[in-house]
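Report on the structure
Chain residues, written in single-letter form:
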Amino acid sequence: MSRTVVLGVLVAIGAVSMTVRAAQQPAGQPAPRVVEVEKLRDNLYMMRGGGGNSAVFITADGVTVVDTKNPGWGAPLLEKIKSVTEKPVTRIINTHTHGDHVSGNVEFPATVDVVTHENTKKNMEFMRTPTGITPAPGAPVNIFKENGGRGMSKRTFTDKMTIGSGADRIDLHYFGRGHTNGDAWVVFTALKIAHAGDIFSGKNLPLLDAVNGGSGVEIGNTLAKAAAGLGGVEGIISGHSTVMTPADLREYSDFNKDFSAAVQAAKKAGKTVDDVAASWTIPAKYQGYAAPQPARLKANVQVVFDETK
Ligand SMILES: [Zn+2]
């Protein structure tokens, strides 16, 4: 095909998919579903857009995908994977239960293995709305039930699981509660790269999802355990931001410990949730951290208050 013809076909495909989306989505919101590719190693890609960051790990006999994005983004993710490898996707690992990390599961072949922490499997059976989140209009209530159980977790681990060996080895770790009670850390051991999911979504206040077992008091300690327990990892794929370093992870642990300590101290001093939410600011030593959204800040203060006796 000439370049002009190829372009014409692409434009036509785009027009059709725009029409389909327009029929499915509320007026004024047809956004193109563009998955962006960042090559981290010859056999490891970070794919961004449409929810949480996905990792695509190409092994001798198939592809492992970590996290599958929002509803409707599984198919575009699968298409993008086909642009970097001819091998089939054989395994999905979900870092945690949230809809922007698991929903695309239902768009993968039903034969694909799905591995999660055991608490994440339990959470996926309910798909409860996370703490502080208002569901988007028309969002699935329980995408797995609505798809006959397709994409549900098939295998679980509690503290550690090793899949494969040598260049293909993947270690799964659980270091404790934080973002939820089922946050898996996925380590591509030969590459010295990990995927943290949303327990390290970026340099910002985390979402503390108490509804799904998350903890504002424990997250800092959990992050410290991860920093100590990930071995020689050099890069950490964050849930929604860039690839971070071990130093960034240690700093994020301190950031969360400081937040928890400040809120607990304020409660013991007789302050209210509103007092703390109105007065807390990011300590100056944490450079490059996003300014807190007022609603997130208040929700997190409430979570720590609820955990503080
Ligand atoms: Zn999340």
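Residues numbered from 1 in each chain as written. Predicted model: local features only at pLDDT ≥ 70, side-chain atom pairs only at ≥ 80, totals over all residues. Heavy atoms only, no water.

Secondary structure summary: the chain contains 9 helices and 13 strands in total. Its C-alpha atoms give the chain a radius of gyration of 20 Å, within 12% of the compact-globule value 19 Å for 309 residues. Looking at the chain residue by residue over its 309 residues, the buried ones come to 48%. Within the chain, contacts between residues at least 6 apart in sequence are counted, and of these 66% link residues at least 24 apart. Of the roughly 14100 Å² that the chain leaves accessible, carbon and sulfur atoms contribute 55%. Within the chain, the 29 negative side-chain charges are centred at a point lying 1 Å from the centre of the 33 positive side-chain charges. (Helix = DSSP H or I, 4+ residues; strand = E, 2+ residues; numbered from the N terminus. Rg over C-alpha atoms; globule rule 2.2 N^0.38 Å. Buried < 20%, exposed > 50% of the residue type's maximum accessible area, 1.4 Å probe, protein only. Contact = heavy atoms within 4.5 Å. Areas by Shrake-Rupley, 256 points an atom, 1.4 Å probe, with all protein chains shown as cover. Lys, Arg positive; Asp, Glu negative; His and termini not counted. Charge placed at Lys NZ, Arg CZ, Asp CG, Glu CD.)

We now examine the coordination of the zinc ion. Each protein donor to the zinc ion is listed here as H96 (NE2), H98 (ND1), H179 (NE2) and D198 (OD); together their distances run 2.1 to 2.3 Å. Between the 4 donor atoms coordinating the zinc ion, the angles at the centre fall across 85 to 167 degrees, so the site counts as irregular. Between consecutive donor residues of the zinc ion, the sequence gaps follow H-x1-H-x80-H-x18-D. Here H98, found in the loop between strand 5 (89–93) and helix 3 (99–102), pairs with D198, found in the loop between strand 11 (193–197) and helix 6 (219–229); they are 100 residues apart in sequence, far enough to count as distant. Assigned by exposure class, H98 and D198 land together as buried. (Donors = N, O, S within 2.8 Å, 3.2 Å for Na, K, Ca; no water. Tetrahedral: all angles 85-135°; square planar, octahedral: opposite > 155°, others 65-115°.)

Attention now moves to the nonpolar core. Ranked by size, the top nonpolar core spans 33 residues in total, and within it W185, L230, L249, F255, F259, W280 and V301 carry the most contacts. Secondary structure elements with two or more residues in this core: strand 10 (185–188), strand 11, helix 6, helix 7 (246–268), helix 8 (273–279) and helix 9 (294–307). The element that contributes the greatest number of residues to this core is helix 7, accounting for 6 residues. Among the nonpolar cores identified, the runner-up in size contains 20 residues, and L40, I93, V115 and I237 belong to it. (Core = buried A, V, L, I, M, F, W, Y, C linked by side-chain atoms within 4.5 Å.)

Moving on to the pairing of strand 4 (residues 62–66). Among the 5 residues in strand 4, 5 count as buried, and that is most of the element. Neither face of strand 4 is left uncovered, since the one carrying G62, T64 and V66 and the one carrying V63 and V65 both have all their residues buried. In the sheet, strand 3 (residues 54–59) pairs with strand 4 via 5 bridges, with the strands oriented antiparallel. The residue bridging I58 from the neighbouring strand is V63, located in strand 4. (Pairing = 2+ DSSP bridges.)

Of all 5 residues in strand 2 (residues 44–48), 4 are buried, a share of seventy percent or more. Both strand 1 (residues 36–41) and strand 2 contribute to a ladder of 5 bridges, which runs antiparallel. Among the inter-strand pairings, K39 is bridged to a residue of strand 2, identified as Y45. Counted between consecutive antiparallel strands, the loop separating strand 1 from strand 2 contains 2 residues.

Another point: the side chain of D67. Mapped onto the elements of the fold, D67 is located in the loop between strand 4 and helix 2 (74–82). For the buried residue D67, which engages in no salt bridge, the nearest side chain bearing the opposite charge is K69, 8.5 Å off. Within polar-contact distance, the side chain of D67 engages the side chain of T95 at 2.7 Å. Discounting chain neighbours no more than four positions away, the residues touching D67 are N53, S54, L77, I93, N94, T95, H101 and H195. (Salt bridge = Lys/Arg side-chain N within 4 Å of Asp/Glu carboxyl O. Polar contact = N/O pair within 3.5 Å; in protein donor to acceptor, adjacent residues only side chain to side chain.)

Across the sheet, 7 strands lie side by side as 1-2-3-4-5-6-7; this open sheet has mixed pairing. Two strands in the sheet have a free side with no partner beyond their single neighbour: strand 1 and strand 7 (155–157). Taking the axes of each pair of neighbouring strands and ignoring which way they run, one obtains an average angle of 20 degrees across the sheet. Contacts from helix 4 (residues 118–126) reach strand 6 (113–117) and strand 7 within the one sheet, and its direction differs from that of strand 6 by about 110 degrees. (Axes fitted to C-alpha atoms, helices over the stretch in contact; angles between N-to-C directions.)

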